[in-house]
Amino acid sequence: MMELSAIKIKIIKIFIAVFYLVGVIGIVLPITQELFISIFPVAILLSFFLLMLDYNKQGSKALIIFFGIITSSIIIEAIGVKTGILFGNYRYGSALGLEIAETPLLIGVNWLVLSYCSVSIVQQFKISNSIKYLFAPMLMVIYDVVMEQVASTLDMWYWQDDVIPLQNYLGWFVIASLFTSILLGFKVNAINRIAKYIYIVQFVFFLSLHLIFNVL
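What comes next is a walk through the structure.

Rules and cut-offs
Residues numbered from 1 in each chain as written. Predicted model: local features only at pLDDT ≥ 70, side-chain atom pairs only at ≥ 80, totals over all residues. Heavy atoms only, no water. Salt bridge = Lys/Arg side-chain N within 4 Å of Asp/Glu carboxyl O. Helix = DSSP H or I, 4+ residues; strand = E, 2+ residues; numbered from the N terminus. Buried < 20%, exposed > 50% of the residue type's maximum accessible area, 1.4 Å probe, protein only. Axes fitted to C-alpha atoms, helices over the stretch in contact; angles between N-to-C directions. Parallel < 35°, antiparallel > 145°, perpendicular 65-115°, else oblique. Left-handed = near helix turned anticlockwise from the far one by under 90°. Contact = heavy atoms within 4.5 Å. Nonpolar A, V, L, I, M, F, W, Y, C, P; charged D, E, K, R; others polar. Phe/Tyr/Trp six-rings, centres within 6.5 Å; stacked < 30°, edge-to-face > 60°.

## Section: the pattern of salt bridges
Now for step 1: Per the stated rule, a full pass over the model turns up one salt bridge.
Now for step 2: For Asp54, the salt bridge identified is with Arg193, shortest N-O distance 2.7 Å. Residue Asp54 is located in the loop between α3 (40-53) and α4 (60-83), and its partner Arg193 is located in the loop between α7 (166-185) and α8 (195-215); the two are separated by 139 residues in the primary sequence.
Now for step 3: Residue classification places Asp54 among the buried residues on the basis of a relative accessible area of 11%.

## Here's the deal with the packing of α4 against helix α5 (residues 106-123)
Helix packing for two helices is described by the angle between their axes and how far apart those axes are.
Now for step 1: Between α4 and α5, the shortest axis-to-axis distance is 8 Å and the interhelical angle comes to 125°. Taken as axis vectors, α4 and α5 run oblique relative to one another. Where α4 crosses over α5, the handedness of that crossing is right-handed. Where α4 approaches α5, its residues Phe66, Ile69, Ile70, Ser73, Ile74 and Glu77 are matched on the opposing element by Ile107, Gly108, Val109, Trp111, Leu112 and Tyr116.
Now for step 2: When the residues that make up the contact of α4 with α5 are grouped by side-chain class, the tally is nine nonpolar, two polar and one charged.

## Overview of the packing of aromatic side chains
Now for step 1: In this structure the tally under the stated criterion is 16 aromatic pairs.
Now for step 2: Here Tyr90 and Trp159 contribute two aromatic rings whose centre-to-centre distance is 5.1 Å and whose plane-to-plane angle is 45°, an arrangement assigned as tilted. Taken together, the residues Tyr90 in strand β1 (residues 90-92) and Trp159 in strand β4 (residues 157-159) connect sequence positions 69 residues apart. The burial state of Tyr90 is the same as that of Trp159; both residues are buried.
Now for step 3: Through pairs of rings, three or more aromatic residues link up here, namely Phe15, Phe19, Tyr20, Phe40, Tyr143, Tyr199, Phe203, Phe205 and Phe206.

Next comes the structure, spelled out in C-alpha cells:
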C-alpha cells in the first residue's frame, strides 16, 4: 500500500470530523435519529477502513493478532452477556447490527479499533514501556466511561435497572489491558496518523451526545 501524502491525511481527518458532526446532528434531531442510529455499523467499519489506509504493513504477525482480538472479544462479550460475570448484567440493542449468541459481530471490530488507536497514541510518546502498558488501557476505560452515558440512548446496549456497575469498568480495564499488552508485547507498530484523530473525534462525539441528552 502506498504511503498517504500529508494532504490526503488532512482530507481524511476533515472527512472524519464532518462525518461525526453530521452524526451528532442527525442523532439529536428526532426526525432523523432512528436512521442515524441504524448506520452505526457503517461508522465502525468506516473507522476500521480509514485506520488501515495508514497502516504499517508488518506481515502476517499483526494480522493474526488483529484477527485474534476480534474473535476473542466477541467470545468474551458473548460470555459477558450470557453470564453477567465479566461486566455485569446487560443486553445488546439493535444498533450494532448482526448478532451471534446475542452479541454483535462488529463489537469485535470495535474492540480492535479502540485497542489499536490507544496503543498508537502511547507509541507516539517517549515514555517507558511500563507506562505504555498502563496508559493504553486507561485510555480505553476513559473512552468507555463517556460512551456508556449514551449507550442505551443510542440502542447500543442496556444495563439491568439502568445502572452502570463499577464491575463494567474493572472488566473493561482487564480486557483492555490484555489486548493492548498483546499489541505492545508483540511489538506491533501502531504508529498511525489517523488513529489518534479517530479516538479523539469519537470521544468528542459521545461526549457531545451525553451533554446534549443528559446535561443541557
